[in-house]
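Chain residues, written in single-letter form:
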Amino acid sequence: MVAVLVLGLVFFAGGGWFYAGEIRDGALAAKAPAPPVLQTAVLAVGDRSITLARGPGAPAELTTPGTWGLRWAAGYGQLGAIRSLGPDRVERAFTRLQGRAPRAGERSAVDGYAYPADPAVAAGRPAREISYPSPLGPEPAWLVDGRRGTWVILVHGYNAARAETLRTLATVARQGYPALAIGYRNDPGAPASSDGLRHWGATEWRDLEAATGYALGHGATGVVLAGYSMGGAVVASFLLSSPLAARVRGVVLDSPALDLGEVVDHGAADRDLPLLGTPVPPALTEVAKGIAGLRYHLDWGELDYLDRAGRLAAPMLVFQQSGDPTVPVAISETLAAERPDLVTFERFGGAGHVQSWNVDRPRYERALRAFLERVAPAGAA
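What comes next concerns the included structure.

Thresholds, definitions, all that
- Residues numbered from 1 in each chain as written.
- Predicted model: local features only at pLDDT ≥ 70, side-chain atom pairs only at ≥ 80, totals over all residues.
- Heavy atoms only, no water.
- Helix = DSSP H or I, 4+ residues; strand = E, 2+ residues; numbered from the N terminus.
- Rg over C-alpha atoms; globule rule 2.2 N^0.38 Å.
- Buried < 20%, exposed > 50% of the residue type's maximum accessible area, 1.4 Å probe, protein only.
- Contact = heavy atoms within 4.5 Å.
- Areas by Shrake-Rupley, 256 points an atom, 1.4 Å probe, with all protein chains shown as cover.
- Lys, Arg positive; Asp, Glu negative; His and termini not counted.
- Charge placed at Lys NZ, Arg CZ, Asp CG, Glu CD.
- Pairing = 2+ DSSP bridges.
- Axes fitted to C-alpha atoms, helices over the stretch in contact; angles between N-to-C directions.
- 1 Å grid on protein atoms, 1.4 Å probe; cavity = no way out; pocket = protein on both sides within 12 Å on 5 of 7 lines; lining within 4 Å.
- Points joined across faces, edges and corners; volume = space filled by probe spheres on them.
- Nonpolar A, V, L, I, M, F, W, Y, C, P; charged D, E, K, R; others polar.
- Polar contact = N/O pair within 3.5 Å; in protein donor to acceptor, adjacent residues only side chain to side chain.

**Points about the overall build of the protein chain**
Helix and strand counts for the protein chain stand at 10 helices and 14 strands. Compactness check: the protein chain gives a C-alpha radius of gyration of 22 Å against a globular reference of 21 Å for 381 residues, within 12% of the reference. For the protein chain, the spread of C-alpha atoms along the three principal axes comes to 75 × 55 × 40 Å. Counting across all 381 residues of the protein chain, residues that qualify as buried make up 54%. In the protein chain, the share of contacts with a sequence separation of at least 24, taken over all contacts with a separation of at least 6, comes to 73%. Element-wise, carbon and sulfur atoms account for 57% of the exposed surface of the protein chain, whose accessible area totals about 15,800 Å². For the protein chain, the distance from the average position of its 36 positive side-chain charges to the average position of its 37 negative side-chain charges is 8 Å.

Quick look at the structure:
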C-alpha cells in the first residue's frame, strides 16, 4: 500500500510538474508567429486559376471548399472554388492580391488569414501603422480611416499575427467603419511584460483599454470590439474591468477562448502519456493546472469569463465551427445559453479554429454586416 501511494505521489507530482511546463509552453509563452512553410508545389497557373500539388502531408485547407490564402516567396493570393480534384493535384480559382504571379515549380503555403500582412490590401484603401500609448509603452496598430463615428477595434489571438484580423477588417472597411487592428504586450514590436507570458486577458485588457482611449481621443463616438480566440478573452476581461466598457456598442467574437481551464482540458484530452501511450487522466490535468497556477501566477477562476457572463451588457455576435480543435465549441454554446438576450451565435460546420469566414465567407459577412448595422448604424451619435 505504501509503495502504491509513493508511486501515485511521484506520478502526480512529477507528471503535474511536467504538464505544468507544457501549459506554459503551449498556452502562456509569448512567441513570434512562425514563418510559413512553403511546402505545396505550384504545378500550373492559368487564367484566374492555379493547380497545386496534393500529397500525404498536404494541409487540409488545400482541398477544403471556401476562401483561403496562398503565399509564395514573392507574392500572395486567394484560393477560391475547387475546379477539379485529383489524387495528386487540385485546381482552384485563384486571385493574385500582391506581388508577382506564382510560377510553376515554386513552393507555396496555404493559410487561413486570406490576406497578406498589409491592411490596405484587405481594406481596399490606404492604411497606416500607428502606435497608441499603453501602460507598458507604445503599442503597434494598423489604422484604416472611415466615415462613420463608431470605430471597430480588432484583437488577434494567442501568438497570432495581426493579419488574423484582416478578414473582418475587409468587411468593416467596406461598410465605412474606421478599423484599428492592435498589437498588445509581448507581441513582436510591442513592450514586453516582466514575465513575458500571455495572461489571457487578465493583464492584456489594459492595452485594449488604452487602444479604446486612443480611438475615443481621435474622434470615435463609440467602439465595436472584435476578438479572436485569446483575443476574445482580452475583450471579455476589458468588458468586465474597464470603465470604458460603457462606450462599447457591440462585440464580435470568433472562436472565443473565454475559459482557459476548459481550453487546457480540451487539449489534454487529445494527449497521451509518454511511454505508456494512454490518455492523460483528467486528475493529472487538474494537478498540472494547480501547479501551473502557482508557478506562473495564474488565477484560473479569473480566466473563466463565462462564470461572469451575467455582468456583460453589450450585444454580441459569436462565430465558431462545431469541430474546433483548439477551443471547445461548448464555450460559445454556454455563452449563448446564459445570455440569449445579448448573444447571436453563428455556428458553422467543419473542424477549423478561427476559420468560419474561410468555409462560408458569404454567410459570415452577411451576419457581420447585419450586426454592425444593428449596433452601430450610419448616423449614430
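Continuing now.
**Concerning the sheet that holds strand β3 (residues 68-72)**
The sheet built from six strands closes into a barrel, its strands ordered β1-β2-β5-β4-β3-β6 with antiparallel pairing. With strand direction ignored, the average angle separating the axes of adjacent strands in the sheet is 45°. Note: strand β1 (residues 40-46) against strand β2 (residues 49-53), four bridges, orientation antiparallel. Counted as the bridge partner of glycine 46 is serine 49 from β2.

**Re empty space enclosed by the protein**
All told, the structure shown has two cavities of 30 Å³ or more when counted by the stated rule. In this structure, the largest cavity occupies an estimated 50 Å³ of space. Around the largest cavity, the lining residues are Glu164, Thr165, Arg167, Thr168, Tyr228, Asp254, Val354, Trp357 and Tyr364. Of the residues in the lining of the largest cavity, the class split is four nonpolar, two polar and three charged. Estimates place the volume of the second largest cavity at around 40 Å³. As for the second largest cavity, its lining consists of Gly232, Val235, Ala236, Leu239, Val251, Leu253, Leu258, Leu312, Met316 and Leu335. Elements represented by at least two residues in the lining of the second largest cavity include exactly α5 (230-241) and β12 (248-254). Tallying contributions element by element places α5 first for the lining of the second largest cavity, with four residues. The class makeup of the residues in the lining of the second largest cavity is nine nonpolar, one polar and no charged.

**Observations concerning the side chain of arginine 162**
Following the sequence through the fold, arginine 162 ends up in the loop between β9 (150-155) and α3 (166-174). Here the side chain of arginine 162 touches glutamate 129 through a polar contact of 3.1 Å, side chain to side chain. What arginine 162 contacts, discounting residues up to four positions off in sequence, is Glu129, Pro140, Ala141, Trp142, His156, Ala181, Ile182 and Gly183.

**Observations concerning the layout of surface pockets**
When its volume is computed, the largest pocket comes out at roughly 800 Å³. Along the wall of the largest pocket there are 30 residues; nearest its centre are Pro33, Ala34, Asp111, Gly112 and Tyr113. Counting residues per element, the lining of the largest pocket draws most heavily on strand β6 (residues 107-111), at four residues. The class makeup of the residues in the lining of the largest pocket is 17 nonpolar, seven polar and six charged. Approximately 550 Å³ is the volume attributed to the second largest pocket. Lining the second largest pocket are 23 residues, with Gly26, Ala27, Val263, Val264 and Gly267 sitting closest to its centre. Elements with a contribution of two residues or more to the lining of the second largest pocket: α1 (2-28), α6 (260-268) and α7 (282-296). With five residues, α1 is the single largest residue contributor to the lining of the second largest pocket.

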